[in-house]
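# Coordinates in review
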Amino acid sequence: MTFLRTVVERELRLYLRGIVDLIGVWMFFGIAIAMLPLSIGPDPEILSRIAPGAAWAIALLASMLSLERVFAPDQRDGSLDLLMLHAPSTPLLILAKSLAHWLVTGLPFVLLAPLAAIALGMDVQGVWPLACALLVGTPALSLIGTVGSALTAPVRRGGILAALIVLPQTIPVLIFGTAAVSETLKGRDSGPYFSVLGAFTLAAVALAPYAGSAALRAVRN
Amino acid sequence: MQAAPLCGLSATENAFITHAATWTEVMAKALHRLANPARFLRIVAPLLPWTAAGAAVCIGAGLWFGLVDSPPDYQQGDAARIMYVHVPAAWNALAGYAGLALASAVALVWRHPLALVAARCIAPIGACFTVIALATGSLWGHPMWGTWWVWDARLTSVVILLFLYLGYMTLIHAFDEQGTGERAATVLALIGAVNLPVIKFSVDWWNTLHQPASILRMDGPSIDPAMLLPLFLMAGGFTLLFVCLVIIRMQTELARRRVMALRRAALAVPQASDA
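Keep in mind that what you see is a predicted model, and the values were worked out from it rather than measured.

Cut-offs applied
Residues numbered from 1 in each chain as written. Chains lettered and ligands numbered in written order. Predicted model: local features only at pLDDT ≥ 70, side-chain atom pairs only at ≥ 80, totals over all residues. Helix = DSSP H or I, 4+ residues; strand = E, 2+ residues; numbered from the N terminus. Buried ≥ 20, exposed ≤ 12 C-beta atoms within 10 Å, placed from the backbone. Contact = placed C-beta atoms within 7 Å. Rg over C-alpha atoms; globule rule 2.2 N^0.38 Å. Nonpolar A, V, L, I, M, F, W, Y, C, P; charged D, E, K, R; others polar. Axes fitted to C-alpha atoms, helices over the stretch in contact; angles between N-to-C directions. Parallel < 35°, antiparallel > 145°, perpendicular 65-115°, else oblique. Left-handed = near helix turned anticlockwise from the far one by under 90°. Expected span 1.5 Å × (residues − 1). pLDDT = per-residue confidence, 0-100.

A few words now on the overall build of chain B. Counting its secondary structure elements, chain B contains seven helices and zero strands. When the helices and strands of chain B are read in sequence order from the N terminus, they spell out α-α-α-α-α-α-α. Every one of the 275 residues in chain B was classed for burial, and the buried ones make up 35%. A separation threshold of at least 6 residues defines the contact pool for chain B, and within that pool the share at least 24 residues apart is 73%.

Encoded structure:
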């Protein structure tokens, strides 16, 4: 537990040192959402229909932007060796890394959700479902993303590669995340969708740390 | 080697453990025998002409029965004959990923060097079959559904399968050192194999327009036996072709490594004499 907190605190401090990059990621989320009406047209009816999916897809893409920062810098300067040496177990390190990644690229999207919902014409009743769905689903994105980041840790400019291999793995989260929001907006019972979304996140919490640990061992011989 | 009896267990449990250990050993030994590249090449060299000939015969006969000697579909007419290429290609695309995952698992668990080679050789061939399945499906879809492409569940799943293949192939080539890329791609292949059923379930739930499965059903196939014969011939032929291509690629890859090793050794000799 102490280890988890220490690593998360260290990661957050490092993220704060490079706050400009982080602000870039958050801005990407906002700008991409603003691009949507510009390309599709300002018709509120069309916009509100595609809004849940668009918000989810953009959140997914935005959370891929910072994958390169999860393991590559630590691998380059050697601190990953020390982290792995001091970790009670490598899966715990992966868990800490994902938690920190989620705090800076998952949680902010939850907080930005009201803005996205209103901008895309979902109106006020779309704010809660979107924020809740993002809250339940984005941890899975960070966990899967961390595994992809571990797989590409020694690769120079591995960010795009990590996104390439991670994106197909996140399809279930995208499908059920979008469904949870749009079913709520249609006034139907969206409980099951939220449950499945939560199940994906829990499964990712259980499996991703081990997959990430196997990935680190594979690429760092 | 016998596993030592463990304290606190009944005789049956100990016998079971010993038995399981023996079986694991037998399997590990069989795999271990194949881990020698020279022995592997000796075993597969005679297999190669047989698989190649088998593939040629099966595909030839399948094409004859499929294109000439089988009835046209009562609804789709002659266009349905594209099925004899499309369906076996799709089966092989899936089976290829299963083979890739299996080889990766063997490589990861037993550190089997040839399994790594097999996995990296399976990937491009499986990706090719996936592309064939997608292309023929698109050609078939145009006259039947009136569109080259629809986002239906099965089509989407096959596209995602292609992405998984491509991700594997990109990752394997992303590292400076070949072995690192192979190990990383192995882990990715296994993650994909675990996730694939979940993706399939999600996509199925997401949307379905495609006809339901008509070969593997509880109440027997719903398709005419006259169409089943060429279909199975083509499926067998494609599978043999797959195996044949994997063997050729593995032979080439092993030869390439041998050349690299010899070249390194040749370069190392003058340096050694200098010192």
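Having put the structure on the table, let's press on.
A separate point is the overall build of chain A. On a plain count of helices and strands, chain A comes out with 11 helices and zero strands. Helices and strands in chain A line up, N terminus first, as α-α-α-α-α-α-α-α-α-α-α. Scaling as 2.2 N^0.38, a compact globule of 221 residues should have a C-alpha radius of gyration of about 17 Å, and chain A matches this with 18 Å. Principal-axis analysis of the C-alpha atoms places the extent of chain A at approximately 55 × 35 × 30 Å. Per-residue burial for chain A yields a buried fraction of 50% across its 221 residues.

What follows covers the interface of chain B and chain A. Listed per partner, the contact involves 21 residues of chain B and 20 residues of chain A. Of all the elements in the fold, those that place two or more residues in the side of chain B that touches chain A are helix H5 (153-172) and helix H6 (178-206) of chain B. Element by element, the count of residues in the side of chain B that touches chain A is highest for H6 of chain B, at 13 residues. Residues that form the side of chain B that touches chain A fall into these classes: 14 nonpolar, six polar and one charged.

A positive phi angle, near 50 degrees, is found at Arg157 of chain A, a position not held by glycine. Its location among the elements puts Arg157 of chain A in the loop between helix H8 (127-151) and helix H9 (159-166).

Now for the packing of helix H3 (residues 44-64) of chain A against helix H10 (residues 171-185) of chain A. Residue and element names in this part refer to chain A. Between H3 and H10, the least distance of the axes is 8 Å, while the angle of their chain directions is 150 degrees. Taken together, the axes of H3 and H10 are roughly antiparallel relative to one another. Regarding H3 and H10, the two cross each other, and that crossing is right-handed. Facing Pro52, Gly53, Trp56, Ala57 and Leu60 of H3, the residues of H10 in contact are Leu174, Gly177, Thr178, Val181, Ser182 and Leu185. Residue classes in the contact of H3 with H10 are distributed as seven nonpolar, four polar and no charged.

Take helix H3 (residues 83-110) of chain B next. A rise of 1.5 Å per residue sets the reference length of H3 of chain B, with its 28 residues, at 40 Å; its end C-alpha atoms lie 40 Å apart and thus fit the reference within 8%. Note on H3 of chain B: the residue one or two positions beyond its end, Arg111 of chain B, has a positive phi of about 50 degrees.

Further remarks concern the confidence of the model for chain B. Residues and elements named next belong to chain B. On average, chain B scores 82 in pLDDT, and the residues at 70 or more come to 82%. No element of chain B has a lower mean pLDDT than helix H1 (residues 11-34), which averages 69, and none a higher one than H3, which averages 91. Overall fold confidence for the complex sits at a pTM of 0.84, while the interface term, ipTM, reaches 0.87.

Our focus in this paragraph is the environment of Ser48 of chain A. Residue and element names in this part refer to chain A. Relative to the helices and strands, Ser48 resides in helix H3. Judged by the 16 C-beta atoms lying within 10 Å of it, Ser48 is partly exposed. Taking C-alpha positions, Ser48 is 34 Å from Ala208, a pair spaced 160 residues apart along the chain. Beyond its immediate stretch of four places on either side in the chain, Ser48 contacts Leu120, Gly121 and Met122.

The subject of this paragraph is the environment of Val104 of chain A. Residue and element names in this part refer to chain A. If you trace the backbone, Val104 turns up in helix H6 (residues 90-105). The sequence separation of Val104 and Ser63 amounts to 41 residues, and the corresponding C-alpha distance is 9.2 Å. Filtering out sequence-adjacent residues up to four positions away, Val104 remains in contact with Tyr15 and Leu22.

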